[in-house]
Amino acid sequence: MTVIPEIPTIDLSSYIRPDATPEERAGVIEDVRSACSRYGFLQVKGHGVPLATQREVLESCRRLFDLPQGVKDSLSLKNNPARRGYERIGEQILDAKALPDCKEGYYLGREVPLKQMGFLRGPNQWPDLPSEDFHAPVTEYYEHMLRLGNSLVEILALGLGHDISVLKDFTKEPVVNLKLLHYPKHISTDERQFGAGAHTDFGAITILLQQPGKYGLQIFHAPSNAWLPVPAIEDSLVINIGDLVNKWTDGKYNSTLHRVVNASDGDRYSVPCFYHGDLSATNPFKPGDGSETVEEHIRRKFDISYGLTSKS
Ligand SMILES: O=C(O)CCC(=O)C(=O)O
Ligand SMILES: [Fe+2]
């Protein structure tokens, strides 16, 4: 009988703490390496993101998605070359064999001036909510994601046997985007309906905050041919490898198929943070391998999932 494993939980404080010893850091690097090569998924605690900040950003999700539909639609990502803003229910198709996703979302990222606007970079679209209810908590969470994302890519590179200097171009001006998500209660009886259809993430790595207790995320475990639920535990963040790192490591670090079916008895909120990296970077682990740039790779996958053309 195949034993269905649990996704490992790793305490990152032994790497992040300024006084962590080289042995402690090496232990974390090895644990992350093993989790990435076995599952492509892990959970982390000791990540340094205050619990109050996590709670506030989830509250901000609720406030945003509670706005009237017309207000949300006026902030649509489809009118925005930077792809910042609102996605309505059914607007994204993550699995072409399933029905459109039963979720609504909202993309945000680093504030880039209008004159430098381009794919995945530009000014954010801010909803008309008091700053303390939305802008401030979301920005605070975002700053933590930047810091944590940078530590994680460092840990990944070290685990692959590289010096962190290989990340110079990749982390120069990294595109790191947040997506606020809302899954309404799952009421469909159609087995092709998911909150998020089965997919792998497009970028380098994803850091996911789930609303505590609101199960729904499942990852595909190929050896046991089973979908494993990922626990939604307070103060625990889920990290997963995206297609870029999968490609750059020839599958050594796997981007694992996952999907969401809201298993709770009500709304479920979550906040993935997609660390894509500098858009002009290519494979930091094998320079000059002729691979696509980060931008070419993400643009292709992202725009297809929204039925957008890849020109603007
Ligand atoms: O909501 C979740 O738990 C996961 C979302 C996800 O997989 C994604 O947005 O790529
Ligand atoms: Fe995902």
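Residues numbered from 1 in each chain as written. Chains lettered and ligands numbered in written order. Predicted model: local features only at pLDDT ≥ 70, side-chain atom pairs only at ≥ 80, totals over all residues. Heavy atoms only, no water.

(A) Layout of the UniProt feature "domain: Fe2OG dioxygenase" (unreviewed entry) in the chain. As annotated in UniProt, the feature "domain: Fe2OG dioxygenase" (unreviewed entry) corresponds to residues 171–277 in the numbering used here. The distance separating the terminal C-alpha atoms of residues 171–277 is 6 Å; by composition the span is 6% helix and 43% strand. (UniProt positions renumbered as here; feature names shortened; annotations may be inferred. Helix = DSSP H or I, 4+ residues; strand = E, 2+ residues; numbered from the N terminus.)

(B) Spatial organisation of the site of ligand 1. Contacts to ligand 1 come from Leu181, Tyr183, His199, Asp201, Leu208, Leu217, His258, Val260, Arg268, Ser270, Pro272 and Phe274. At 3.1 Å from an oxygen atom of ligand 1 is found a side-chain nitrogen or oxygen belonging to Asp201. Burial of ligand 1 by the protein amounts to 96% of the accessible area it has alone, namely 300 Å². At a threshold of 2 Å from the grid points, most atoms of ligand 1 map onto the largest cavity. For the shell around ligand 1, the secondary-structure elements that each account for two or more residues are β5 (175–183), β11 (258–260) and β12 (268–277). Per-element tally for the shell around ligand 1: the top contributor is β12, with four residues. (Near = heavy atom within 4 Å. Polar contact = N/O pair within 3.5 Å; in protein donor to acceptor, adjacent residues only side chain to side chain. Areas by Shrake-Rupley, 256 points an atom, 1.4 Å probe, with all protein chains shown as cover. 1 Å grid on protein atoms, 1.4 Å probe; cavity = no way out; pocket = protein on both sides within 12 Å on 5 of 7 lines; lining within 4 Å. Sits in = over half its atoms within 2 Å of the grid points.)

(C) View of the sheet that holds strand β8 (residues 217–221). Reading across from one edge, β6-β11-β8-β9 is the order of the four strands in this open sheet, with antiparallel pairing throughout. Looking at strand neighbours, the two that pair on one side only are β6 (196–199) and β9 (226–229), the edges of this open sheet. Across the sheet, the axes of successive neighbouring strands diverge by a mean angle of 25°, strand direction being ignored. Pairing geometry for β8 and β11, over three bridges, is antiparallel. Paired with Ile219 across the two strands is His258, which belongs to β11. (Pairing = 2+ DSSP bridges. Axes fitted to C-alpha atoms, helices over the stretch in contact; angles between N-to-C directions.)

(D) Representation of the pairing of strand β2 (residues 41–45) within the structure. Within β2, four of the five residues are buried, which leaves the element mostly enclosed by the surrounding structure. Of the strand pairs in this sheet, strand β1 (residues 9–11) and β2 are connected by three bridges, and their pairing is parallel. Across the sheet, residue Ile10 finds its bridge partner in β2, namely Val44. Bridge count for β2 against strand β10 (residues 237–241) is four bridges, and the pairing is antiparallel. Looking at the pairing, Phe41 lines up with Asn240 of β10. (Buried < 20%, exposed > 50% of the residue type's maximum accessible area, 1.4 Å probe, protein only.)

(E) Just the coordination of the iron ion (ligand 2), in detail. Protein coordination at the iron ion (ligand 2): the donors are His199 (NE2), Asp201 (OD) and His258 (NE2), at 2.1 Å from the metal. Taken in chain order, the donor set of the iron ion (ligand 2) reads H-x1-D-x56-H. Of this pair, His199 sits in strand β6 while His258 sits in strand β11; the two residues are 59 residues apart in sequence, bridging distant segments of the chain. Residue His199 is classed as buried on the basis of its relative accessible area of 11%. Given a relative accessible area of 5%, His258 falls into the buried group. (Donors = N, O, S within 2.8 Å, 3.2 Å for Na, K, Ca; no water.)

(F) Structural view of helix α2 (residues 22–38). Over its 17 residues, α2 runs 24 Å from end to end, which matches the ideal 24 Å to within 8%, given 1.5 Å per residue. For α2, the full list of buried residues reads Val28, Ile29, Val32, Ala35 and Cys36. Viewed along the axis of α2, the buried residues span an arc of 135°, placing them on a single side of the element. Exposed residues lying more than 90 degrees from the buried face of α2 are Pro22, Glu23 and Arg38. At its buried positions, α2 is contacted by β1, α1 (13–16), β2, α5 (135–159) and β10. Phi turns positive one or two residues past the end of α2, at Gly40, with a value near 75°. (Expected span 1.5 Å × (residues − 1). Arc of directions from axis to C-beta. Contact = heavy atoms within 4.5 Å.)

(G) Region of interest: the environment of Glu143. Position of Glu143 among the secondary structure elements: in helix α5. On the basis of relative accessible area, Glu143 is assigned to the partly exposed category, the value being 45%. Expressed as a C-alpha distance, the spacing of Glu143 and Asp133, which sit ten residues apart in the sequence, is 17 Å.

(H) The packing of aromatic side chains, seen in detail. Counted by the stated rule, this structure contains ten aromatic pairs. On the basis of an interplanar angle of 90° and a centroid distance of 6.3 Å, the ring pair of Tyr106 and Phe134 is categorised as edge-to-face. In this pair, Tyr106 sits in strand β4 (residues 104–108) while Phe134 sits in the loop between β4 and α5, placing the two residues 28 residues apart along the sequence. Of the two residues examined, Tyr106 and Phe134, each falls in the buried class. (Phe/Tyr/Trp six-rings, centres within 6.5 Å; stacked < 30°, edge-to-face > 60°.)

(I) How the structure looks around the sheet that holds strand β3 (residues 85–87). Strand order in this open sheet of eight strands is β1-β2-β10-β7-β12-β5-β4-β3, and the pairing throughout is mixed. Each end of this open sheet is capped by a strand with a single partner; those strands are β1 and β3. For this sheet, the mean inter-axis angle between neighbouring strands, taken without regard to orientation, is 25°. The strands that helix α3 (residues 51–65) touches are β3, β4, β5, β7 (205–210) and β12; relative to β12, the one it contacts most, it runs at about 110°.

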